[in-house]
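Overview (structure and organization)
Chain residues, written in single-letter form:
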Amino acid sequence: MDESQEPPRLRWQEATVERIVAQTPTVKSFFLRPAEPFDFIAGQHVDLRLTAPDGYQAQRSYSIGSTPGDATIELVIERLEVGEVSLFFHDVAQVGDAIEIRGPIGGHFNWRPIDGGPILLIGGGSGVVPLLSILRARRAAGSRTPMVLVYSARSLAEVIYRDELMHAAEHEDDFSMILTLTRETGPVTGARLGRIMRETIAEALEMLGEPPRLAFICGATAFVEVAAMFLIEAGVPPVRVRTERYGGSPAVALDASITLAPEA
Ligand SMILES: Cc1cc2nc3c(=O)[nH]c(=O)nc-3n(C[C@H](O)[C@H](O)[C@H](O)COP(=O)(O)OP(=O)(O)OC[C@H]3O[C@@H](n4cnc5c(N)ncnc54)[C@H](O)[C@@H]3O)c2cc1C
């Protein structure tokens with residue numbers, strides 16, 4: 001199909017990098033302003049395309065972290081040591097650059113305030129990004145839909161949006177968070193050490209009070225698969241479980257965030 005005949009969301013356009021903000025030692029937010037602004041639903045993503053002078057192209061997907069209605073699109077990109085596109089963003093991209101973008105994409109992994117709840121959110125590493133957009137959508141609408149976030153990061157320093165999430169857990173009605181840190185050794189206020197386990201999921205379901213209307217799981221592929229298995233084992237019907245897989249090798253994902261058995 002000729003590109004001009006494609007639906008607008010599938011058409012490539014340029015977006016300007018307006019602002020770059022370091023979130024953690026390995027994660028930065030990139031605020032992009034598309035030439036043709038578009039509305040999106042919390043949980044959706046965009047595709048980015050980079051083209052080298054010799055014509056070589058690389059394309060990747062990134063979740064939108066911003067609040068629906070914001071003029072700029074916030075993408076939160078983790079630096080992977082051997083990652084082609086993430087290294088470009090971390091080491092080369094600058095404010096004022098034009099990036100090819102298309103979207104918004106995704107009709108399954110999203111939530112609107114009118115969808116209601118209760119909602120269970122489970123994120124590993126940068127998988128928290130679309131979940132934050134869901135929380136921001138809830139806040140912007142003044143919604144009190146009950147939500148519990150289970151978030152696994154390697155260390156406190158690597159918790160993305162740490163201040164915003166901790167503030168929300170303390171002050172926002174009907175929102176709670178279980179934060180698990182896999183590589184911290186000492187005690188950390190407001191977080192627990194170790195990986196997400198069956199017991200963590202059971203506790204989150206209990207905090208929710210009633211069975212989730214929907215559960216959203218996002219992160220590296222193996223993280224998502226194991227968390228989905230825990231949820232289904234706990235009695236959540238598969239039809240209520242929505243997943244977004246970011247890729248990555250199973251070994252890396254398992255080591256980072258989730259475990260099948262309690263650690264000795
Ligand atoms: C719908 C969707 C939304 C996404 N949203 C985000 C987002 O908000 N933020 C974000 O940082 N990434 C996100 N990703 C992942 C992103 O698309 C890229 O895969 C990631 O940035 C790596 O690209 P790269 O070119 O840097 O690495 P590549 O050159 O593609 O890969 C380098 C190496 O890293 C491994 N790898 C790739 N992805 C991961 C991963 N997630 N975890 C561990 N190892 C990995 C590969 O197996 C490979 O060995 C999303 C993916 C999808 C499908």
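Rules and cut-offs
- Residues numbered from 1 in each chain as written.
- Predicted model: local features only at pLDDT ≥ 70, side-chain atom pairs only at ≥ 80, totals over all residues.
- Helix = DSSP H or I, 4+ residues; strand = E, 2+ residues; numbered from the N terminus.
- Rg over C-alpha atoms; globule rule 2.2 N^0.38 Å.
- Buried ≥ 20, exposed ≤ 12 C-beta atoms within 10 Å, placed from the backbone.
- Contact = placed C-beta atoms within 7 Å.
- Near = placed C-beta within 6 Å.
- Nonpolar A, V, L, I, M, F, W, Y, C, P; charged D, E, K, R; others polar.
- Domains from an automatic or database assignment.
- Pairing = 2+ DSSP bridges.
- Axes fitted to C-alpha atoms, helices over the stretch in contact; angles between N-to-C directions.
- Core = buried A, V, L, I, M, F, W, Y, C linked by C-beta atoms within 7 Å.

Observations regarding the overall build of the chain
Scanning the chain from N- to C-terminus turns up six helices and twelve strands. The C-alpha radius of gyration computed for the chain amounts to 18 Å, which stays within 12% of the reference 18 Å derived for 264 residues, consistent with globular compactness. Taken along the three principal axes of its C-alpha coordinates, the chain extends 55 × 40 × 35 Å. A burial count over the chain gives 39% of its 264 residues as buried. Long-range contacts, defined as pairs at least 24 residues apart, comprise 75% of the intrachain contacts of the chain with a sequence gap of at least 6.

Observations regarding the site of the ligand
Looking at the ligand, there are 23 residues lining it, with Gly83, Glu84, Val85, Ser86 and Gly248 nearest. Put simply, the parts of the chain that give the shell around the ligand at least two residues each are β4 (57–63), β5 (73–78) and α1 (84–91). Sort the elements by how many residues they give to the shell around the ligand and β4 lands first, with four residues. Among the residues making up the shell around the ligand, the classes are represented as ten nonpolar, nine polar and four charged. Both domains that meet at the shell around the ligand, namely domain 1 (3–105) and domain 2 (113–257), each give it at least three residues.

Some remarks on the sheet that holds strand β3 (residues 45–51)
Each strand in a sheet pairs with another by means of backbone hydrogen bonds, the pair being arranged parallel or else antiparallel. Strand order in the open sheet formed by six strands is β4-β3-β6-β1-β2-β5, with antiparallel pairing between adjacent strands. The open sheet has two free edges, formed respectively by β4 and β5, since each of these has just one partner strand. With direction set aside, neighbouring strand axes in the sheet form an average angle of 40°.

Regarding the domain arrangement of the chain
What the domain assignment lists for the chain is domain 1 (3–105) and domain 2 (113–257). Taken together, the contact between domain 1 and domain 2 spans 16 residues of the former and 15 residues of the latter. Broken down by secondary-structure element, the contributors of at least two residues to the side of domain 1 that touches domain 2 are β1 (13–24) and β5.

A short note on the environment of proline 25
Counting through the fold element by element, proline 25 comes out in the loop between β1 and β2 (27–34). Measuring from C-alpha to C-alpha, the distance between proline 25 and arginine 9 comes to 32 Å, with 16 residues separating the pair along the chain.

Focus on the nonpolar core
Counting residues in hydrophobic clusters, the biggest one holds 65 residues, and the most contacted among them are Leu120, Leu121, Leu131, Phe216 and Ala227. In terms of residue count, the dominant contributor to this core is helix α5 (residues 221–233) (seven residues). Residues contacting phenylalanine 216, with those up to four places away along its chain left out, are Gly43, Phe109, Leu121, Leu131, Ile134 and Arg242.

Details of the environment of alanine 204
Inspection of the secondary structure assignment puts alanine 204 in helix α4 (residues 198–208). With 24 C-beta atoms packed within 10 Å, alanine 204 lands in the buried category. Spatially, the C-alpha atoms of alanine 204 and glycine 106 are 26 Å apart, while their sequence positions differ by 98 residues. Excluding anything up to four places from it in sequence, alanine 204 contacts Leu120, Val148, Val150 and Ile178.

Looking at the sheet that holds strand β10 (residues 192–193)
Pairing in this open sheet of six strands is parallel, and the strands run β10-β9-β8-β7-β11-β12 from one edge to the other. Every interior strand has two partners, whereas the edge strands, β10 and β12 (241–245), have only one. Its contacts with the sheet put α4 on β7 (119–124), β8 (147–153) and β9 (175–181), and the angle it makes with β8 is roughly 155°.

Observations regarding unusual backbone geometry
Omega for the peptide link from glycine 103 to proline 104 comes to 5°, which places this bond in the cis form. Secondary-structure assignment places proline 104 in strand β6 (residues 98–105). Each neighbour pair has its own omega, and for glycine 117 with proline 118 the value is 5°, a cis peptide bond. Following the sequence through the fold, proline 118 ends up in the loop between β6 and β7. You will see that aspartate 174, though not glycine, has its phi angle at about 60°, which is positive. In this fold, aspartate 174 is placed in the loop between α3 (162–171) and β9.

Focus: the pairing of β8
The element β8 is extensively covered by neighbouring structure, given that seven of its seven residues are classed as buried. Of the two faces of β8, the one holding Met147, Leu149, Tyr151 and Ala153 and the one holding Val148, Val150 and Ser152 are both buried throughout. For β7 and β8, the ladder comprises six bridges, and the chain directions are parallel. Paired with isoleucine 119 across the two strands is methionine 147, which belongs to β8.

A look at the pairing of β5
For β5, the buried fraction is high: six of the six residues fall into the buried class. Direction of pairing for β2 relative to β5: antiparallel, over a ladder of six bridges. Its bridge partner lying in β5, serine 29 is registered against valine 76.

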